[in-house]
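Report on the structure
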Amino acid sequence: LKKSNHTSNHAVILSASRYWFNYRHVANALSIYALVKKHGILDENIILLLADEIPANPRNPFKNTISTTARRGATLFDESTQIDYRGDDVTVDNIRKVLLGKGGDDEGKRRVLQTDKNSNVLIYWTGHGGDKFFKFQDVEEIFANDIAQILDEMEYNEVLFLADTCQAFTLGDAITAPNVYMFGSSLRDQNSYAHHSDPELGLSVIERYTHKFFQLASRTTSLSKLSLQQSMIDPFKSESSHVGIKQTTGTRPLNTVPLSDFFANVDESKKKSTAGTTLHLLERPNVENANDGDAVQSKTYIWDGMRAHNDEDI
């Protein structure tokens, strides 16, 4: 594996769904947040947007916690979690301003990306979507052409854009900006499925793609020894849903790109985890399998991934 010559890593992590039944989307985002913090990316280089604060939701029987395991007390949320945009502030306009470094609703007062031509950027989105669109709180949408335009205007070295939503891969249809890796957990006309549920909560707690990736990366001591190919594609080949991958001009082969180029501090030897940020792995899966249809072909790379029941697949 060959590390990039970039000088900094940044992350924009978004859960755009509101309401209790979308618990799993907040858990997805906080899992990625915990992962990058464990591997040394500091909050000053992370922008976290949560449309709903599930830990404080009145329906949450385990107050101020959110977890994907059966261990009560285990949580992906604590006093060290720094949420930059929450509730009504999670909008299409604000995500555009965040990515372009132009300020939020209060110009100059809200955190935005501070990147340059030597910065790598991880963009992770989870929520509800469809063919070439992604929902913000069931109120507004951002479209594939909008995403492509934002990437055209961003300043960066390389971007990894990972979407875990229904028809996720279609969000990258219009992307032409150089040095972009786009990963989608589902193809056109496909759903993104929940992994397991918690009977005490009465709902699903994490999506399948994010869960499997998180499990693998969490067990890896150094992300510099794991490639994008090994961590984001190969684990899904033996299963039955479909992961879409798009590489624009200039990108390196996926089997040569270390995961640390996007998910860790540039110098892993200097990584510093914020106290309280821990990774909690699955203890009690509750999964039921069923077919979800045939593969949909794409103009870019497609790998077999996961097939599961459609218990919460909107």
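In short, a report on the structure. This one's a predicted model, so the numbers in the text were calculated from it and none came from an experiment. (Residues numbered from 1 in each chain as written. Predicted model: local features only at pLDDT ≥ 70, side-chain atom pairs only at ≥ 80, totals over all residues. Heavy atoms only, no water.)

The next subject is the overall build of the protein. Scanning the protein from N- to C-terminus turns up 6 helices and 13 strands. Out of the 314 residues in the protein, the part that is buried amounts to 60%. Put simply, the protein shows about 12,500 Å² of open surface, and 46% of that area lies on carbon and sulfur atoms. (Helix = DSSP H or I, 4+ residues; strand = E, 2+ residues; numbered from the N terminus. Buried < 20%, exposed > 50% of the residue type's maximum accessible area, 1.4 Å probe, protein only. Areas by Shrake-Rupley, 256 points an atom, 1.4 Å probe, with all protein chains shown as cover.)

This brings us to the sheet that holds strand 7 (residues 140-143). Taken in spatial order, the 3 strands of this open sheet run 5-6-7, and their pairing is antiparallel. Each edge of the sheet is formed by a strand with only one pairing partner; in this case those strands are strand 5 (129-130) and strand 7. Bridge analysis of strand 5 against strand 6 (residues 133-136) gives 2 bridges, and the strand direction is antiparallel. Its bridge partner lying in strand 6, glycine 129 is registered against phenylalanine 134. Strand contacts of helix 2 (residues 92-100): strand 6 and strand 7, with the helix running at about 40° to strand 7, the strand carrying the most contacts. (Pairing = 2+ DSSP bridges. Contact = heavy atoms within 4.5 Å. Axes fitted to C-alpha atoms, helices over the stretch in contact; angles between N-to-C directions.)

A separate point is the packing of helix 1 (residues 23-38) against helix 4 (residues 208-218). A packed helix pair is summarised by two numbers, namely the angle formed by the two axes and the spacing between the axes. Across the interface, helix 1 lies against helix 4 with an axial gap of 10 Å and an inter-helix angle of 20°. In terms of their interaxial angle, helix 1 and helix 4 are classed as roughly parallel. You can see that helix 1 and helix 4 cross each other, and the crossing is left-handed. Where helix 1 abuts helix 4, its residues Asn28, Ser31, Ile32, Leu35 and Lys38 lie against Thr210, Phe213, Phe214, Ala217 and Ser218. (Parallel < 35°, antiparallel > 145°, perpendicular 65-115°, else oblique. Left-handed = near helix turned anticlockwise from the far one by under 90°.)

Right, let's get into helix 1. A rise of 1.5 Å per residue sets the reference length of helix 1, with its 16 residues, at 22 Å; its end C-alpha atoms lie 22 Å apart and thus fit the reference within 8%. In terms of residue burial, helix 1 counts as a mostly covered element, since 15 of its 16 residues are buried. Glycine 40 sits one or two positions beyond helix 1 and adopts a positive phi of about 100°. (Expected span 1.5 Å × (residues − 1).)

Taken as a whole and assessed by the stated rule, the structure comprises 12 salt bridges. One salt bridge connects glutamate 207 with arginine 24, and the closest N-O pair in it is separated by 3.1 Å. One end of the pair, glutamate 207, is in strand 11 (residues 203-207); the other, arginine 24, is in helix 1, with 183 residues separating them in the sequence. What makes arginine 24 buried here is its relative accessible area of 2%. In this structure, lysine 135 engages aspartate 138 in a salt bridge whose closest nitrogen and oxygen atoms are separated by 3.6 Å. With relative accessibility at 23%, the residue lysine 135 sits in the partly exposed group. Salt bridges linked by common partners bring Asp131, Asp173 and Arg188 together as one network. (Salt bridge = Lys/Arg side-chain N within 4 Å of Asp/Glu carboxyl O.)

Moving on, we come to the pairing of strand 7. In this structure, strand 6 lies alongside strand 7, joined through 4 bridges in antiparallel fashion. Paired with phenylalanine 136 across the bridge in strand 7 is glutamate 140. Hairpin connection between strand 6 and strand 7: a loop of 3 residues separates the two successive antiparallel strands, and glutamine 137 in this loop has a positive phi of roughly 60°.

In this section: the pairing of strand 11. The side chains of a regular strand alternate between the sheet's two faces. Strand 11 sits mainly inside the fold: 5 of its 5 residues count as buried. As paired elements, strand 10 (residues 194-198) and strand 11 share 4 bridges and run antiparallel to each other. In the sheet register, alanine 194 faces strand 11, and the bridge partner there is glutamate 207. Taking the residues between adjacent antiparallel strands as the criterion, strand 10 and strand 11 are bridged by 4 residues, where glycine 202 takes a positive phi near 80°.

Before going further, it helps to examine the packing of aromatic side chains. All told, the structure shown has 8 aromatic pairs when counted by the stated rule. Measuring from centroid to centroid gives 6.0 Å for tyrosine 19 and phenylalanine 21, while their planes differ by 20°, and the two rings are stacked. Overall, tyrosine 19 belongs to the partly exposed group, its relative accessible area being 42%. The structure contains a cluster of three or more aromatic residues connected by ring pairs, namely Trp125, Phe134, Phe136 and Phe161. (Phe/Tyr/Trp six-rings, centres within 6.5 Å; stacked < 30°, edge-to-face > 60°.)

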